[in-house]
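Coordinates in review
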Amino acid sequence: MLRLKPGREKSLRHRHPWIFSGAIATADAPGESGATVDVLTADGAFVARAAYSPSSQIRARVWTFDARESVDSGFFLRRVALAVAARASMVDAQHTGCRLIHGEADGLPGVVADRYADTIVLQLSSAGAERWGDAIVAALVEATGTACVFERSDAEVRKLEGLPSRIGVRHGALPEVVRFVEAGIAYRADVVAGQKTGFYLDQRANRDAVRALAAGREVLNAFCYTGGFALAALAGGATRVVSIDSSGDALALARENLALNPGLPADRATWCEADVFAELRKLRDRGAGFDLAVLDPPKFAPTAAHAERAARAYKDINLLALKLLRPGGLLATFSCSGGIDAELLRKIVAGAALDAGIDASVIGRYGAGADHPVALAFPEGEYLKGLLIRRAS
Ligand code: SAH
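Residues numbered from 1 in each chain as written. Predicted model: local features only at pLDDT ≥ 70, side-chain atom pairs only at ≥ 80, totals over all residues. Heavy atoms only, no water.

1. A short note on the environment of Arg166
On the secondary structure map, Arg166 appears in strand S11 (residues 166–172). Taking the C-alpha atoms as reference, Arg166 lies 30 Å from Ile24; in sequence the two are 142 residues apart. Excluding anything up to four places from it in sequence, Arg166 contacts Glu130, Glu151, Arg152, Ser153, Asp154 and Arg158. Reaching out from Arg166, the side chain makes a polar contact with the side chain of Glu151 at a distance of 2.6 Å. (Helix = DSSP H or I, 4+ residues; strand = E, 2+ residues; numbered from the N terminus. Contact = heavy atoms within 4.5 Å. Polar contact = N/O pair within 3.5 Å; in protein donor to acceptor, adjacent residues only side chain to side chain.)

2. Remarks on helix H4 (residues 133–144)
Its twelve residues give H4 an end-to-end C-alpha distance of 16 Å, which sits within 8% of 16 Å, the value for a rise of 1.5 Å per residue. Downstream of H4 by a residue or two, Gly145 has a phi angle that is positive, lying close to 70°. (Expected span 1.5 Å × (residues − 1).)

3. Topic: the pattern of salt bridges
Side chains that differ in sign of charge can pair as their charged atoms come close. Evaluated as defined, the whole model comprises 28 salt bridges. One salt bridge connects Arg170 with Asp134, and the closest N-O pair in it is separated by 2.7 Å. With Arg170 in strand S11 and Asp134 in helix H4, this pair connects stretches of sequence that are 36 residues apart. Among the residues examined, Arg170 registers a relative accessible area of 28% and is labelled partly exposed. (Salt bridge = Lys/Arg side-chain N within 4 Å of Asp/Glu carboxyl O. Buried < 20%, exposed > 50% of the residue type's maximum accessible area, 1.4 Å probe, protein only.)

4. A few points about the packing of helix H10 (residues 307–324) against helix H11 (residues 342–356)
Contact geometry of H10 with H11 gives a least axis separation of 8 Å together with a crossing angle of 50°. As far as their axial angle goes, H11 and H10 are oblique. Judged by the sense of rotation from one axis to the other, the crossing of H10 with H11 is right-handed. Contact residues: Ala311, Tyr314, Lys315, Asn318, Leu319, Leu322 and Lys323 in H10; Ile348, Val349, Gly351, Ala352, Ala353, Asp355 and Ala356 in H11. The class makeup of the residues in the contact of H10 with H11 is nine nonpolar, two polar and three charged. (Axes fitted to C-alpha atoms, helices over the stretch in contact; angles between N-to-C directions. Parallel < 35°, antiparallel > 145°, perpendicular 65-115°, else oblique. Left-handed = near helix turned anticlockwise from the far one by under 90°. Nonpolar A, V, L, I, M, F, W, Y, C, P; charged D, E, K, R; others polar.)

5. Here's the deal with the nonpolar core
Counting residues in each nonpolar core, the largest one holds 39 residues, and the members touching the most others are Tyr116, Leu231 and Trp271. Elements with a minimum of two residues in this core: strand S10 (148–153), strand S13 (185–188), helix H7 (228–235), helix H8 (248–259), strand S16 (269–273), strand S17 (290–295) and strand S18 (325–335). The element that contributes the greatest number of residues to this core is H7, accounting for five residues. The contact partners of Tyr116, leaving out residues within four places of it in the chain, are Thr96, Val121, Val178, Arg179, Phe180, Ala189, Val191, Thr197, Gly198, Phe199 and Leu201. By size, the runner-up hydrophobic cluster in this structure holds 36 residues, among which are Cys272, Leu325, Leu331 and Ile358. (Core = buried A, V, L, I, M, F, W, Y, C linked by side-chain atoms within 4.5 Å.)

6. Quick look at the packing of aromatic side chains
Under the defined criterion, the tally for this structure stands at 16 aromatic pairs. Above the plane of the ring of Trp132 lies Arg131, whose end atom (NZ or CZ) is 4.5 Å from the centre. Positioned above the aromatic ring of Phe229 is the side chain of Arg207, whose terminal nitrogen or guanidinium carbon lies 5.8 Å from the ring centre. (Phe/Tyr/Trp six-rings, centres within 6.5 Å; stacked < 30°, edge-to-face > 60°. Lys NZ or Arg CZ within 6 Å of the ring centre and 35° of its normal.)

So far we have only geometry, and geometry alone does not tell us how the molecule works.
Here's what the structure looks like:
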């Protein structure tokens, strides 16, 4: 049982699911890591039932605000079934990749599950999620009939929870290759060693947007990973796509992905293993020009504390990309940093345009897809944002 300091139940009353260590007055025999505890106000009134994380600053994460709801395998069957049902319309023959569980927004803090056709990749990142791993796996199998649940619990945040890294099969057998389809384009996801769960499913709608803009354009695709935006641009009729990434493994898979789609014009794609900061300067010095640029960098600012240094990095690449655009050219620029909100991204890009001496407008705004919901009570869940910028003619 956790008893809160006076008044510290306010955020919980607003359905925010985290309890920070500083809000707790006393913890009576809360048990081991991940144990289910009742959270009470200073006066002893029930506020929530939560998972206890003894070594994390986020000392507990709420499973339920309903005193009558017990946390057991039936609870996970219900929550997982709801999350899977909410994505039913997002999966079809042309789209077999989808995030099925997105943590707090699905009432399952610390749980992420991504579906790649018949394989589900599960990421458990909190003590409570870890404690109920078997129940969550069983619930995923029940809700989807999946042939394989593969665990990729190797995210850095597990260290803050005192949890070891774990990678391996939890249900069924992992197919030799995990392939899936996004907007009719085939990809292989490296679910064992790739980034995140193997693919950036959160950019699905934005890859569609880039595809719709690509016809007849020369495209620069910085931070390309395994080629998602490149293949989308080629499918949309780009005349040339130059993709840059520092990971040789990612680029090898990008090439493989392009080869999986014989309908796409492979001769229009160039893959470049390089640091984007350096390569954009080289392109500038060579006088290169593009009609459409995509900037999808990694998380430069994991938290607000890193925002200032990250802002300089974002400004640098945006400035270089804007200079590489021909008049009338488009820039789709993203940030997946929790510490940079949409308004800050806009300010950074505005500063970049000013320094570059370029007039430009925002003509579109992007976020993560509908399979990555953001709970209204948990705005911290919003991490991916993007702007579509048009350089003046
Ligand atoms: N746009 C991709 C996802 C990008 S993830 C998609 O749609 O799938 C960010 C990528 O940036 C990773 O592939 C990582 O290898 C790469 N990266 C990180 N720092 C880099 C740098 N300084 N230069 C080049 N690539 C970098």
